[in-house]
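# Structural characterization, general
The primary structure of each chain is shown beneath.
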Amino acid sequence: MGARLKVGVVGLGAWGCNVARCLYEMPECDLVVCSDLNEARRSMAERNWNVQTVASLDEMLAQHAEIRAVVISSPAITHYPLAKKALLADKDVFVEKPFTLNVRDAEELSALAAARGRILMVGHLLEYHPAVNRIREIIQSGDLGEIYYIYTQRVNLGRIRGDENALWSFAPHDLSQILYILGEDPVDVSARGQSFIQDGIEDVVFLSLFFANRRMAHIHISWLDPHKMRSTTVVGSKKMLVFDDAAASEKLRIYDSGAQSPATCSYGEAIQVRFGDIQIPHLIATEPLKLEFQHFINCVEHRITPRSDSQDGLRVVRILEAAQKSLEMDGLPVSLHSGAVSKALHPPQTINRQWTPSLPMVPGMPVVVAHS
Ligand SMILES: NC(=O)c1ccc[n+]([C@@H]2O[C@H](COP(=O)([O-])OP(=O)(O)OC[C@H]3O[C@@H](n4cnc5c(N)ncnc54)[C@H](O)[C@@H]3O)[C@@H](O)[C@H]2O)c1
């Protein structure tokens, strides 16, 4: 390997500071230049990390030809134009989540990176988290048995953004994690949410994913919640596990617990519920953001396709776009294959207040209850 990789960072906000600090501390690269529109943020970077600063990516590209990689940690709306500009300047690019704000832009960036032979990696941080990697290994080993369902909670009273809703802000983490540990894409998605604080910007979203083989996942996201929760629960036919990323230690617990299905009970035997031991695996303590950038640098140096490459980013954006569509239709399931409302194009059915069991119902379809 030659000289250390020279890197520039665009965007020095709340998260961009972590990004720049991490790259500054890593021996594998040189943080050469940072860019932010805001002068106070640039001064802070000069003081903290002794880097040169510029106001824009244009200036960075014009004044620092020596940088080979650009890390984009500016707001989501800037990801597409800035990543495109950096790729066109033949830089390798790391772009924070969400990759883009629509599928079309994600496809264009992915094709551009491929055409120019550039590395394009998306900041799906949880794919580099030691606990998530352990969960993936456990699932793949079959130790949990058949996976029945997963649910995640990413809630707190936190940063309320005005330029994107909680779905686009938080769900990329949960979605990328779920796709990564299951190794499978959902068939359709349904989302409901509410905008309490700002018109048209959902503060809380409940998102449901449906997979083949009856698997389900549910994601609860909110920046309007009294608890800080960052948790993932996986329920399998043999065992279950809980990953609590807000815990200071012992973040992952595997429960040797479950219920016997009627098919495995002998005739006349009652279904057994089993409460077994709890196992707490040892996890390496390295900061996931450092592991993520080590992976990026390794991919750049050795021209390897990143784990969270542009195709991975595209899969997540495709689900986010479908979920947004569902959100706007008050929860109607949207197919990930066709983008259409799932389960056929049935209009809402009207039923009388007395329940009519013979009525043919479509799962997830809204029902209007008539008041007679
Ligand atoms: N991976 C994670 O865990 C994680 C966590 C939080 C945020 N993020 C992502 O990181 C990105 C930044 O988030 P944040 O919380 O730091 O946002 P922020 O709003 O706090 O900061 C954004 C910064 O970018 C600057 N900026 C805006 N447009 C710019 C441009 N064209 N050129 C240069 N600078 C520009 C702004 O002046 C501001 O300082 C977002 O995409 C967000 O989704 C990722």
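Before any of the text, the structure's been laid out above.
Computed from a predicted model, the values in this text were never measured in an experiment.

### So, the overall build of the protein
Within the protein one finds nine helices and 19 strands. Taking 2.2 N^0.38 as the reference for a compact globule, 372 residues should give roughly 21 Å; the C-alpha atoms of the protein span a radius of gyration of 23 Å, in line with that estimate. Counting across all 372 residues of the protein, residues that qualify as buried make up 51%. If you take every contact in the protein between residues at least 6 apart in sequence, the share linking residues at least 24 apart comes to 65%. Total accessible area on the protein is roughly 17,800 Å²; 53% of this is exposed by carbon and sulfur atoms. Charge-centre separation for the protein: the mean point of 37 positive side chains lies 1 Å from the mean point of 43 negative side chains.

### Quick word on the pattern of salt bridges
Side chains carrying opposite charge are able to pair once their charged atoms draw close together. Counted under the stated rule, the structure contains 25 salt bridges. Between Asp92 and Arg118 there is a salt bridge, and its shortest N-O distance comes to 3.4 Å. Taken together, the residues span a long stretch of sequence, with Asp92 in strand E5 (residues 92-96) and Arg118 in the loop between helix H5 (103-116) and strand E6 (120-123) at a distance of 26 residues. For Glu107, the salt bridge identified is with Arg318, shortest N-O distance 3.4 Å. Placement of Glu107 in helix H5 and of Arg318 in helix H9 (residues 310-328) is noted, with a sequence separation of 211 residues between them. A relative accessible area of 32% means that Arg318 is categorised as partly exposed.

### Regarding the nonpolar core
Membership of the largest hydrophobic core comes to 72 residues, with the highest contact counts inside it found for Leu167, Leu175, Leu207, Leu209 and Val234. The element best represented in this core is helix H7 (residues 166-182), accounting for 11 residues. Mapping this core onto the domain boundaries places at least three of its residues in each of domain 1 (5-125 + 288-309) and domain 2 (127-279). Cys29, Ile119, Leu125 and Phe293 belong to the second largest nonpolar core, which has 31 residues in total.

### Here we look at the pairing of strand E8 (residues 188-194)
Here seven bridges tie E8 to strand E9 (residues 204-210), and the two strands are oriented antiparallel to one another. Counted as the bridge partner of Ser190 is Ser208 from E9. Note: E8 against strand E17 (residues 334-335), two bridges, orientation antiparallel. Note on E17: the bridge partner recorded for Val189 is Val334.

Thresholds applied
Every chain's residues receive numbers from 1 upward, in the order its sequence appears when written. For this predicted model, a pLDDT threshold of at least 70 governs which residues receive local features, and a threshold of 80 or more governs which side-chain atom pairs are given and counted, while totals over whole chains, interfaces and linings are taken from all residues. Side-chain figures throughout are based on the complete set of non-hydrogen atoms in the structure, without hydrogens or water. Counting from the N terminus, the helices are DSSP H or I runs at least four residues long and the strands are E runs at least two residues long. Radius of gyration: C-alpha atoms only; globule rule: 2.2 Å multiplied by the number of residues to the exponent 0.38. A 1.4 Å probe rolled over the protein chains alone gives each residue an accessible area, and that area as a share of the maximum for its type sets the label: buried under 20%, exposed over 50%, partly exposed in between. The contact criterion used throughout is that any non-hydrogen atoms of two residues lie within 4.5 Å. To measure how exposed things are, a 1.4 Å probe is used in the Shrake-Rupley method; for residues, cover is taken only from the protein chains shown. Here the positive residues are Lys and Arg and the negative ones are Asp and Glu; neither His nor the chain ends is included. Lys charges are placed at NZ, Arg charges at CZ, Asp charges at CG and Glu charges at CD. Salt bridges are defined as contacts in which a side-chain nitrogen from Lys or Arg sits within 4 Å of a carboxyl oxygen from Asp or Glu. What we call a nonpolar core is a set of buried Ala, Val, Leu, Ile, Met, Phe, Trp, Tyr and Cys residues that are connected through their side-chain atoms within 4.5 Å. Domain start and end points were adopted from an automatic or database domain assignment. Pairing between strands requires that DSSP locate at least two bridges from one strand to the other.

Any functional reading would require information beyond the geometric quantities listed.
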